[in-house]
Amino acid sequence: EVQLEESGGGLVQPGGSLRLSCAASGFSFSSYEMNWVRQAPGRGLEWLSYINSHNGGTYYADSVKGRFTMSRDNAKNSVYLQMNSLRDEDTALYFCARGRTGDGDSFDHWGQGTLVTVSS
Amino acid sequence: DIQMTQSPSSLSASVGDRVTITCRASQSISTNLNWYQQKPGKAPNLLIYAASSPQSGVPSRFSGSGSGTDFTLIISSLQPEDSATYYCQQSYNVPCSFGQGTKLEIK
(Lines give C-alpha, C1' and ligand atoms only; values in the text may rest on other atoms or scores of the structure.)
Protein backbone atom coordinates (compact mmCIF):
# COMPACT_ATOMS: atom_id res chain seq x y z
CA GLU A 1 0.00 0.00 0.00
CA VAL A 2 1.31 3.41 -0.97
CA GLN A 3 1.74 5.66 2.04
CA LEU A 4 3.00 9.21 2.42
CA GLU A 5 3.46 10.75 5.85
CA GLU A 6 4.38 14.39 6.39
CA SER A 7 5.99 15.73 9.54
CA GLY A 8 7.80 18.79 10.77
CA GLY A 9 5.00 21.32 10.91
CA GLY A 10 4.42 23.62 13.84
CA LEU A 11 4.28 27.19 15.07
CA VAL A 12 7.01 29.53 13.85
CA GLN A 13 7.51 33.28 14.00
CA PRO A 14 7.56 35.42 10.88
CA GLY A 15 11.01 35.35 9.34
CA GLY A 16 11.71 31.95 10.83
CA SER A 17 12.49 28.60 9.22
CA LEU A 18 11.02 25.14 9.24
CA ARG A 19 11.88 21.87 7.52
CA LEU A 20 9.10 19.56 6.47
CA SER A 21 9.63 15.88 5.76
CA CYS A 22 7.57 13.38 3.79
CA ALA A 23 8.29 9.69 4.33
CA ALA A 24 7.17 7.35 1.58
CA SER A 25 6.52 3.62 1.63
CA GLY A 26 4.84 0.94 -0.42
CA PHE A 27 6.32 1.84 -3.80
CA SER A 28 9.61 2.29 -5.63
CA PHE A 29 10.24 5.80 -4.37
CA SER A 30 13.25 6.60 -6.53
CA SER A 31 11.17 6.11 -9.68
CA TYR A 32 8.62 8.82 -8.92
CA GLU A 33 8.55 12.58 -9.04
CA MET A 34 7.19 14.24 -5.92
CA ASN A 35 5.37 17.47 -5.16
CA TRP A 36 4.45 19.76 -2.28
CA VAL A 37 1.00 21.36 -2.27
CA ARG A 38 -0.46 23.58 0.44
CA GLN A 39 -3.90 24.70 1.52
CA ALA A 40 -4.40 27.82 3.60
CA PRO A 41 -7.27 27.67 6.11
CA GLY A 42 -10.59 27.72 4.25
CA ARG A 43 -8.85 28.16 0.89
CA GLY A 44 -8.07 26.09 -2.19
CA LEU A 45 -5.06 24.05 -3.23
CA GLU A 46 -1.80 25.73 -4.20
CA TRP A 47 1.02 23.80 -5.85
CA LEU A 48 4.42 24.76 -4.42
CA SER A 49 7.20 22.62 -5.76
CA TYR A 50 8.22 19.55 -7.75
CA ILE A 51 11.29 17.34 -7.80
CA ASN A 52 11.99 14.85 -10.56
CA SER A 53 13.04 11.27 -10.13
CA HIS A 54 16.19 11.11 -12.24
CA ASN A 55 18.43 14.06 -11.38
CA GLY A 56 16.70 15.88 -8.54
CA GLY A 57 15.73 18.80 -10.74
CA THR A 58 13.21 21.12 -9.11
CA TYR A 59 10.56 23.69 -9.98
CA TYR A 60 8.87 26.17 -7.67
CA ALA A 61 5.85 28.40 -7.58
CA ASP A 62 6.68 32.10 -7.73
CA SER A 63 5.19 32.56 -4.26
CA VAL A 64 7.95 30.47 -2.66
CA LYS A 65 10.83 30.71 -5.14
CA GLY A 66 14.01 31.79 -3.39
CA ARG A 67 12.58 31.00 0.07
CA PHE A 68 11.70 27.30 -0.13
CA THR A 69 13.96 24.44 -1.23
CA MET A 70 12.76 20.95 -2.05
CA SER A 71 15.10 17.97 -1.90
CA ARG A 72 14.93 14.19 -1.77
CA ASP A 73 16.88 11.32 -0.25
CA ASN A 74 16.16 8.14 -2.17
CA ALA A 75 18.04 6.06 0.40
CA LYS A 76 15.59 7.23 3.04
CA ASN A 77 12.52 7.25 0.77
CA SER A 78 11.89 10.84 1.75
CA VAL A 79 11.39 14.31 0.37
CA TYR A 80 11.92 17.51 2.25
CA LEU A 81 10.83 21.12 2.07
CA GLN A 82 13.15 23.64 3.68
CA MET A 83 11.15 26.79 4.30
CA ASN A 84 12.99 30.03 5.12
CA SER A 85 11.87 33.62 5.59
CA LEU A 86 8.40 32.45 6.52
CA ARG A 87 5.50 34.88 6.27
CA ASP A 88 2.03 35.00 7.79
CA GLU A 89 0.60 33.98 4.42
CA ASP A 90 2.59 30.72 4.50
CA THR A 91 0.23 29.47 7.22
CA ALA A 92 -1.35 26.36 5.71
CA LEU A 93 -1.68 22.61 5.71
CA TYR A 94 1.20 21.23 3.66
CA PHE A 95 0.73 18.05 1.66
CA CYS A 96 3.25 15.95 -0.19
CA ALA A 97 1.89 14.19 -3.26
CA ARG A 98 3.27 11.54 -5.60
CA GLY A 99 3.43 12.59 -9.21
CA ARG A 100 2.66 10.15 -11.96
CA THR A 101 4.50 10.82 -15.21
CA GLY A 102 2.10 10.30 -18.06
CA ASP A 103 -1.47 9.53 -17.02
CA GLY A 104 -2.16 13.23 -17.04
CA ASP A 105 0.87 13.89 -14.86
CA SER A 106 -1.56 13.64 -12.00
CA PHE A 107 -1.01 13.42 -8.26
CA ASP A 108 -2.22 9.93 -7.46
CA HIS A 109 -1.35 9.63 -3.77
CA TRP A 110 -1.28 12.29 -1.06
CA GLY A 111 -0.23 12.40 2.56
CA GLN A 112 -2.57 13.69 5.25
CA GLY A 113 -0.66 16.92 5.61
CA THR A 114 1.29 18.76 8.28
CA LEU A 115 0.14 22.12 9.62
CA VAL A 116 2.41 25.13 9.54
CA THR A 117 1.37 28.22 11.48
CA VAL A 118 3.36 31.42 11.04
CA SER A 119 2.52 33.88 13.77
CA SER A 120 4.16 36.12 16.30
CA ASP B 1 0.93 31.05 -16.01
CA ILE B 2 -2.26 29.16 -16.85
CA GLN B 3 -5.35 30.16 -14.89
CA MET B 4 -8.06 27.61 -14.15
CA THR B 5 -11.61 28.77 -13.52
CA GLN B 6 -14.29 26.45 -12.16
CA SER B 7 -18.02 26.97 -12.15
CA PRO B 8 -20.07 27.03 -10.15
CA SER B 9 -18.16 27.85 -6.97
CA SER B 10 -20.81 26.00 -5.00
CA LEU B 11 -23.93 24.04 -5.64
CA SER B 12 -26.57 22.09 -3.81
CA ALA B 13 -28.20 19.02 -5.33
CA SER B 14 -30.34 16.08 -4.32
CA VAL B 15 -29.46 12.43 -4.14
CA GLY B 16 -29.91 10.90 -7.57
CA ASP B 17 -29.36 14.18 -9.44
CA ARG B 18 -26.98 14.53 -12.35
CA VAL B 19 -24.34 17.10 -11.42
CA THR B 20 -22.05 18.95 -13.82
CA ILE B 21 -18.99 20.95 -12.83
CA THR B 22 -17.03 22.85 -15.45
CA CYS B 23 -13.43 23.98 -15.61
CA ARG B 24 -11.97 26.44 -18.10
CA ALA B 25 -8.28 27.01 -18.80
CA SER B 26 -6.89 30.39 -19.82
CA GLN B 27 -5.10 28.71 -22.73
CA SER B 28 -5.22 25.35 -24.44
CA ILE B 29 -3.97 22.51 -22.27
CA SER B 30 -4.85 19.61 -24.58
CA THR B 31 -6.14 16.89 -22.23
CA ASN B 32 -3.70 17.61 -19.40
CA LEU B 33 -6.52 18.06 -16.90
CA ASN B 34 -7.13 16.18 -13.68
CA TRP B 35 -10.02 16.21 -11.19
CA TYR B 36 -9.74 15.74 -7.42
CA GLN B 37 -12.28 15.30 -4.64
CA GLN B 38 -11.54 16.64 -1.18
CA LYS B 39 -13.63 15.98 1.91
CA PRO B 40 -13.29 18.16 5.01
CA GLY B 41 -10.14 17.45 6.98
CA LYS B 42 -8.86 15.00 4.38
CA ALA B 43 -6.30 15.01 1.61
CA PRO B 44 -7.45 15.39 -1.99
CA ASN B 45 -8.25 12.20 -3.85
CA LEU B 46 -7.61 11.76 -7.58
CA LEU B 47 -10.84 11.04 -9.46
CA ILE B 48 -10.11 11.59 -13.16
CA TYR B 49 -6.81 12.00 -14.98
CA ALA B 50 -6.00 13.09 -18.50
CA ALA B 51 -9.45 14.71 -18.76
CA SER B 52 -11.45 11.51 -19.09
CA SER B 53 -9.68 8.51 -17.54
CA PRO B 54 -11.08 7.34 -14.22
CA GLN B 55 -8.58 6.58 -11.48
CA SER B 56 -8.67 3.00 -10.26
CA GLY B 57 -11.37 2.45 -7.66
CA VAL B 58 -13.40 5.54 -8.53
CA PRO B 59 -17.13 4.83 -8.81
CA SER B 60 -18.42 4.71 -12.38
CA ARG B 61 -20.86 7.57 -11.72
CA PHE B 62 -17.90 9.96 -12.03
CA SER B 63 -16.84 10.85 -15.56
CA GLY B 64 -14.82 13.57 -17.23
CA SER B 65 -14.65 15.05 -20.69
CA GLY B 66 -13.16 17.90 -22.65
CA SER B 67 -10.02 19.07 -24.35
CA GLY B 68 -8.34 22.34 -25.17
CA THR B 69 -9.76 24.89 -22.76
CA ASP B 70 -13.12 23.49 -21.62
CA PHE B 71 -13.61 20.50 -19.36
CA THR B 72 -16.47 18.88 -17.48
CA LEU B 73 -16.81 16.60 -14.48
CA ILE B 74 -20.13 14.77 -14.32
CA ILE B 75 -21.61 12.84 -11.44
CA SER B 76 -24.36 10.82 -13.08
CA SER B 77 -26.38 9.99 -9.97
CA LEU B 78 -25.41 11.92 -6.86
CA GLN B 79 -24.83 9.95 -3.67
CA PRO B 80 -24.65 11.28 -0.09
CA GLU B 81 -20.95 10.46 0.14
CA ASP B 82 -20.23 12.76 -2.82
CA SER B 83 -20.56 15.82 -0.61
CA ALA B 84 -17.12 17.38 -1.01
CA THR B 85 -15.12 20.08 -2.75
CA TYR B 86 -13.95 19.28 -6.27
CA TYR B 87 -10.84 20.75 -7.88
CA CYS B 88 -9.58 20.68 -11.43
CA GLN B 89 -5.82 20.86 -12.07
CA GLN B 90 -3.87 21.52 -15.24
CA SER B 91 -0.63 19.61 -15.70
CA TYR B 92 0.16 20.99 -19.16
CA ASN B 93 3.08 23.05 -17.92
CA VAL B 94 4.86 24.32 -14.85
CA PRO B 95 3.59 25.78 -12.63
CA CYS B 96 0.70 23.37 -12.53
CA SER B 97 -2.38 25.10 -11.22
CA PHE B 98 -5.67 24.25 -9.58
CA GLY B 99 -9.09 25.71 -10.02
CA GLN B 100 -10.58 27.51 -7.04
CA GLY B 101 -12.82 24.56 -6.19
CA THR B 102 -16.51 23.71 -6.35
CA LYS B 103 -18.20 22.92 -3.07
CA LEU B 104 -20.95 20.37 -3.55
CA GLU B 105 -23.60 19.97 -0.89
CA ILE B 106 -26.40 17.45 -0.67
CA LYS B 107 -29.89 18.86 -0.15
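Remember, predicted model here, so these are calculated numbers, not experimental data.

Draft legend 1. Representation of the overall build of chain B. Of regular secondary structure, chain B possesses zero helices and 11 strands. Each helix and strand of chain B, placed in order from N terminus to C terminus, yields the pattern β-β-β-β-β-β-β-β-β-β-β. For chain B, the C-alpha radius of gyration of 13 Å lies close to 13 Å, the compact-globule estimate for 107 residues. With respect to the three principal axes, the spread of C-alpha positions in chain B is 35 × 25 × 25 Å. Sorting the 107 residues of chain B into buried and exposed places 50% on the buried side. Pairs at least 24 residues apart make up 57% of the contacts formed inside chain B by residues separated by at least 6 positions. Total accessible area on chain B is roughly 4700 Å²; 44% of this is exposed by carbon and sulfur atoms. Across chain B, the centroid of the 7 positively charged side chains sits 4 Å from that of the 6 negatively charged ones.

Draft legend 2. Geometry of the nonpolar core. With 26 residues, the main nonpolar core has A:Trp36, A:Leu81, A:Met83 and A:Tyr94 as its most contacted residues. Among the secondary structure elements, those contributing two or more residues to this core are β3 (18–25), β4 (33–39), β5 (45–51), β7 (68–73), β8 (78–83), β9 (92–99) and β11 (114–118) of chain A. Top element by residues in this core is β3(A). It accounts for four residues. Look past the residues within four positions of A:Leu81 in its chain and what remains in contact with it is A:Leu18, A:Arg19, A:Leu20, A:Trp36, A:Leu48, A:Ser49, A:Phe68, A:Thr69, A:Met70 and A:Tyr94. Listed in part, the 24 residues of the second largest apolar core include B:Ile21, B:Tyr86, B:Cys88 and B:Leu104.

Draft legend 3. Examining the sheet that holds β8(A) more closely. All names here are of chain A. An order of β1-β3-β8-β7 is seen for the four strands of this open sheet, with the pairing classed as antiparallel. Of all the strands in the sheet, just β1 (3–7) and β7 have a single pairing partner and so form its edges. Shown here is a sheet whose adjacent strand axes are inclined to one another by a mean of 15 degrees, direction ignored. Across six bridges, β3 lies against β8 in antiparallel orientation. Bridge pairing in β8 links alanine 23 to serine 78.

Draft legend 4. Examining the packing of aromatic side chains more closely. If you walk through the whole model with that rule in mind, you get nine aromatic pairs over all chains. Ring geometry for A:Phe27 against A:Tyr32: centres 5.3 Å apart, planes inclined by 90 degrees, an arrangement best described as edge-to-face. A:Tyr32 sits in the partly exposed class, given a relative accessible area of 23%. Ring centres of A:Phe107 and B:Phe98 lie 6.5 Å apart, and the angle between their planes is 70 degrees; on these two criteria the pair is classed as edge-to-face. Taken together, the residues span two chains, with A:Phe107 in strand β10 (residues 107–110) and B:Phe98 in strand β10 (residues 97–98). Taken as a pair, A:Phe107 and B:Phe98 share a single burial class, namely buried. Through pairs of rings, three or more aromatic residues link up here, namely A:Phe95, A:Phe107, A:Trp110, B:Tyr36 and B:Phe98. Positioned above the aromatic ring of A:Phe29, the side-chain terminus of A:Arg72 is 4.5 Å from the ring centre. The side chain of A:Arg100 reaches across the aromatic face of B:Tyr49, ending 4.4 Å from its centre.

Draft legend 5. Molecular detail of the interface of chain A and chain B. On the chain B side, the residues contacting the 20 residues of chain A number 19 residues. Overall, the association of chain A and chain B removes approximately 1600 Å² of surface from exposure, summing both partners, and the carbon and sulfur fraction of that is 61%. It is A:Leu45, A:Trp47 and A:Trp110 that lose the most area in chain A upon contact with chain B, and together they represent 33% of the buried surface on that side. Viewed at the interface, chain B and chain A are joined by zero salt bridges.

Draft legend 6. Region of the structure containing the environment of B:Gly64. All names here are of chain B. Relative to the elements of secondary structure, glycine 64 occurs in strand β7 (residues 62–67). Judged by its relative accessible area of 14%, glycine 64 is buried. With 15 residues separating them in the primary sequence, glycine 64 and tyrosine 49 have C-alpha atoms 8.5 Å apart. Beyond its immediate sequence surroundings of up to four residues, glycine 64 is in contact with Ile48, Ala51, Ser52 and Thr72.

The rules behind the values
- Residues numbered from 1 in each chain as written.
- Chains lettered and ligands numbered in written order.
- Predicted model: local features only at pLDDT ≥ 70, side-chain atom pairs only at ≥ 80, totals over all residues.
- Heavy atoms only, no water.
- Helix = DSSP H or I, 4+ residues; strand = E, 2+ residues; numbered from the N terminus.
- Rg over C-alpha atoms; globule rule 2.2 N^0.38 Å.
- Buried < 20%, exposed > 50% of the residue type's maximum accessible area, 1.4 Å probe, protein only.
- Contact = heavy atoms within 4.5 Å.
- Areas by Shrake-Rupley, 256 points an atom, 1.4 Å probe, with all protein chains shown as cover.
- Lys, Arg positive; Asp, Glu negative; His and termini not counted.
- Charge placed at Lys NZ, Arg CZ, Asp CG, Glu CD.
- Core = buried A, V, L, I, M, F, W, Y, C linked by side-chain atoms within 4.5 Å.
- Pairing = 2+ DSSP bridges.
- Axes fitted to C-alpha atoms, helices over the stretch in contact; angles between N-to-C directions.
- Phe/Tyr/Trp six-rings, centres within 6.5 Å; stacked < 30°, edge-to-face > 60°.
- Lys NZ or Arg CZ within 6 Å of the ring centre and 35° of its normal.
- Buried area = accessible area lost by both parts, 1.4 Å probe.
- Salt bridge = Lys/Arg side-chain N within 4 Å of Asp/Glu carboxyl O.

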